[in-house]
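# Coordinate analysis (summary)
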Amino acid sequence: MKLHFHSDASKAAITSQSRPPQSSQEIPEQIQNQVLSASTPDDTPLNDAQFTILQSVQGNDFASVFTYPRPHTQLPDYIGFKRFHITSQEMTKNEHGQLSTQYAYGDLTDKDDINAFLAQLDRLPPEQRNKLEHIKPSKSLLSLAERLDDDALSQLADILIDAGNTSIFALEKRSHVPDELVEALSSLPDDILYDTLQTFASLAEQGDTYQAPTSPVGVDEKGRERILMTSSDRDKYWQYELAQPPENLQLLHSYTDLLISGKFKGDDLSTLNTHLQESTFSQSRGILDMANVIKPFEKHSMLAMLNEADKESENNVFAYLSQQVDLSAHRQYYQTEKNDVVVQQDLPPGESDRGRLYSDILTAYDEYGLGWINDALEHTAGTPPQIQQQLWGQLLDDAEHYNEQFVRSDALESWASFAIPPCYRHFMTGKLTTFAITIVNVYYPITLET
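Let me sum up the structure you'll find in this document. (Residues numbered from 1 in each chain as written. Predicted model: local features only at pLDDT ≥ 70, side-chain atom pairs only at ≥ 80, totals over all residues. Heavy atoms only, no water.)

## Some thoughts on the overall build of the chain
Worth spelling out the cut-off: A run of H or I in DSSP counts as a helix once it spans at least four residues, and a run of E counts as a strand once it spans at least two, with each numbered from the N terminus. Each residue's exposure class comes from its accessible area (1.4 Å probe, protein chains only) as a fraction of the maximum for that residue type: buried when under 20%, exposed when over 50%, partly exposed otherwise. Two residues qualify as a contact provided that any one of their heavy atoms is within 4.5 Å of a heavy atom in the partner residue. To measure how exposed things are, a 1.4 Å probe is used in the Shrake-Rupley method; for residues, cover is taken only from the protein chains shown.
On a plain count of helices and strands, the chain comes out with 19 helices and six strands. Among the 450 residues that make up the chain, the fraction classed as buried is 47%. Once local pairs closer than 6 in sequence are excluded, the contacts in the chain between residues at least 24 apart make up 71%. About 22,500 Å² of surface is accessible on the chain, with carbon and sulfur atoms providing 47% of the total.

Printed below as a string of structure tokens:
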């Protein structure tokens, strides 16, 4: 593959063919001055005129036609990304006194590598080529691209842009994520690599099926909830909200972060991929959050529970756990004595709190089995996600200290009737004190249909 211009190829070819190669001593002074003026500062993209000058005097040092990736006027740049260009680094004389210019394309400085990377770009449709031009060229990305067929390479370009996508208002950007994801994918053997790309595709499809929950109080003609007021920590709420990816990218971001962490590899990653490809949106959200948060020594218990969990069951434990990171599930509705509705909006618990809940669930699985967990879920379902960590911590403590009572068939039902009401009342009492009005009804528990 030879380097070549797309936009001005014929002009460059004619220019180079019209002048026979010359040694540096035979180059007229005017041309030498032009050559030196074509040397640009570090990391400055070369323009067509500068390339034409370099082409005409370098003879065999470069091919007669050169590629310089340019923006597609009909395609956009991507927010948070920069487009990478081939840049000139320096101009030196070789041992024969001939001028030689060094080039860089991202992390690539070898001409053969640059040629090879441009060849990969040429395999892509315009939109995906435009995306890949916004990802830093590197040895790892080149090697990864060469391992993929055309469809997989096109999919990779989409994945890398989506993986780094953030709101323009987000305080924490993900511009570093695509490069880290390239390194993570490059380390995978071919069979797991293609399986991982298929998992990305499945998660994208699940994301596209997401529907916002239906408000239990309805909306007006402008789509606004019929509520009097909302109580929340506004600064923290908006910081959290702006940091979240769109729902259709939520699973992709979680899966990307998991791959970069390297927590799941080999057969463990293959097992995880299989289940993610077969799950619903809420199940995958719970699976990925648990996988990202748990300690490495807990992953084998998680995979065992994942193998045993029934994806068709209403009490799927991973769908239940997904409420921990569902912002809409942390929203309570209250009715006032004047029949107005007020809302308390909480933020999902932090990673450490979720980690404690997940550890309790895995401990329950190791000690009592998934059937015991499913029985417990029948009694905890419908209670606020904010109290789940407290409930499961108390359940495990009680099961350990009163183990003789927990051998009865109705033990979990008896425990739930005793333990859940006071925990729930304490939670609700704390919420009601945030309003300086009288509450006569609580729209909780509610079912948020998706």
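## Side note on the packing of aromatic side chains
What describes a pair of aromatic rings is the distance from one ring centre to the other and the angle between the planes of the rings. Stated formally: Between the rings of Phe, Tyr and Trp (Trp by its six-membered ring), a pair exists once the centres lie within 6.5 Å; its type follows the angle of the planes, with under 30 degrees stacked, over 60 edge-to-face, and the other angles tilted.
Applying the stated criterion across every chain, the model contains five aromatic pairs. When the centroid spacing of 4.9 Å and the interplanar angle of 70° are considered together, the rings of Phe200 and Tyr255 count as edge-to-face. Of this pair, Phe200 sits in helix 9 (residues 190–208) while Tyr255 sits in helix 11 (residues 247–261), and the two are 55 residues apart along the sequence. Taking relative accessible area as the criterion, Tyr255 reaches 0% and is therefore assigned buried. Ring geometry for Tyr237 and Trp238: centres 5.2 Å apart, planes at 80°, overall edge-to-face.

## Side note on the side chain of Asp360
Threshold: Asp and Glu are treated as the negative residues and Lys and Arg as the positive ones, with His and the ends of the chain left uncounted. Salt-bridge detection follows one rule: a side-chain nitrogen of Lys or Arg within 4 Å of a carboxyl oxygen of Asp or Glu.
For Asp360, the location among the structural elements is in helix 16 (residues 351–368). Of the side chains with opposite charge, Arg356 lies nearest to the buried Asp360, which makes no salt bridge, at 7.2 Å. Aside from chain neighbours lying at most four places away, what touches Asp360 is Gln389, Trp392, Gly393 and Leu396.

## Section: the layout of surface pockets
What counts here: Cavities and pockets were defined on a 1 Å grid built over protein atoms only: a cavity is a set of grid points that admits a 1.4 Å probe from which the probe cannot escape, a pocket is an open set flanked by protein on both sides within 12 Å along at least five of seven lines, and lining residues are those with an atom within 4 Å of any such point. Grid points are joined across faces, edges and corners, and a volume is the space filled by probe spheres set on the points. We call Asp, Glu, Lys and Arg charged. Ala, Val, Leu, Ile, Met, Phe, Trp, Tyr, Cys and Pro are nonpolar, and the rest, Gly among them, are polar.
In this structure, the largest pocket spans a volume of roughly 1,700 Å³. Residue lining of the largest pocket: 50 residues in total, with Tyr240, Gln244, Pro245, Gln250 and Val325 positioned closest to the centre. If you list the elements that add at least two residues to the lining of the largest pocket, you get helix 10 (234–243), helix 11, helix 13 (281–293), strand 4 (331–336) and helix 16. In terms of residue class, the lining of the largest pocket is built from 19 nonpolar, 17 polar and 14 charged.

## Quick notes on the pattern of salt bridges
According to the stated counting rule, one finds 18 salt bridges in the structure shown. Of the charged contacts in the structure, one is a salt bridge between Asp220 and Arg224, with a shortest N-O distance of 3.2 Å. A single network of salt bridges, built from pairs that share partners, joins Asp77, Arg83, Asp122, Arg129 and Glu133.

## So, helix 8 (residues 177–186)
The test is simple: In this description, one arc is meant: the one made by directions from the helix axis to the C-beta atoms.
Listing the buried residues of helix 8 in full gives Val177, Pro178, Leu181, Val182, Ala184 and Leu185. For helix 8, the buried positions fall inside an angular range of 165° around the axis, keeping them on one side. Where helix 8 is buried, its residues meet helix 6 (139–147), helix 7 (150–163), helix 9 and helix 11.

## Observations concerning the nonpolar core
Rule in force here: In plain words, nonpolar cores are sets of buried Ala, Val, Leu, Ile, Met, Phe, Trp, Tyr and Cys residues tied together by side-chain atoms within 4.5 Å.
Judged by nonpolar contacts, the single largest core of 92 residues is most densely connected at Met302, Met305, Val317, Ile373 and Trp392. Per-element accounting of this core gives the leading share, nine residues, to helix 19 (residues 411–432). Ignoring sequence-local partners within four residues, the contact set of Val317 consists of Met305, Ile361, Leu370, Ile373 and Leu377.

## Some words on helix 14 (residues 299–308)
Each full turn of the α-helix corresponds to 3.6 residues, which orients residues three or four apart in the same direction. Every buried residue belonging to helix 14 is among Lys299, Ser301, Met302, Leu303, Met305 and Leu306, and all of these are buried. Against helix 12 (266–278), helix 13, helix 15 (317–321), helix 16 and helix 17 (370–380) lie the buried residues of helix 14.

## Digging into the packing of helix 17 against helix 18 (residues 388–401)
Going by this rule: In this analysis, axes come from line fits to C-alpha atoms, helices being fitted only over the stretch in contact, and the angle between any two N-to-C directions falls in the range 0 to 180 degrees. Oblique is the label for any angle not under 35 degrees, not over 145, and not in the 65 to 115 range, which are roughly parallel, roughly antiparallel and roughly perpendicular in turn. With the far helix as reference, a near helix turned anticlockwise by less than a right angle produces a left-handed crossing, and one turned clockwise produces a right-handed crossing.
Look at helix 17 against helix 18: their axes get within 12 Å of each other, and the N-to-C directions meet at 130°. Put simply, helix 17 runs oblique to helix 18. Helix 18 is crossed by helix 17, and the crossing has right-handed handedness. Touching Trp372, Ile373, Ala376, Leu377 and Thr380 of helix 17 are Gln388, Leu391, Trp392, Leu395 and Ala399, all from helix 18. Grouping the constituent residues of the contact of helix 17 with helix 18 by class yields eight nonpolar, two polar and no charged.

## Here's the deal with a nonpolar patch on the surface
The condition that has to hold: Only residues above 30% relative accessible area that lack a salt bridge enter a patch, with like-charged residues linked at up to 9 Å and the nonpolar side chains Val, Leu, Ile, Met, Phe, Trp and Tyr linked at up to 5 Å.
A contiguous nonpolar surface patch, about 340 Å² in accessible area, is contributed by Ile79, Ile168 and Phe169. With respect to the helices and strands, Ile79 occurs in the loop between helix 3 (48–58) and strand 1 (86–93). Judged by its relative accessible area of 56%, Ile79 is exposed.

Geometry only, nothing functional implied.
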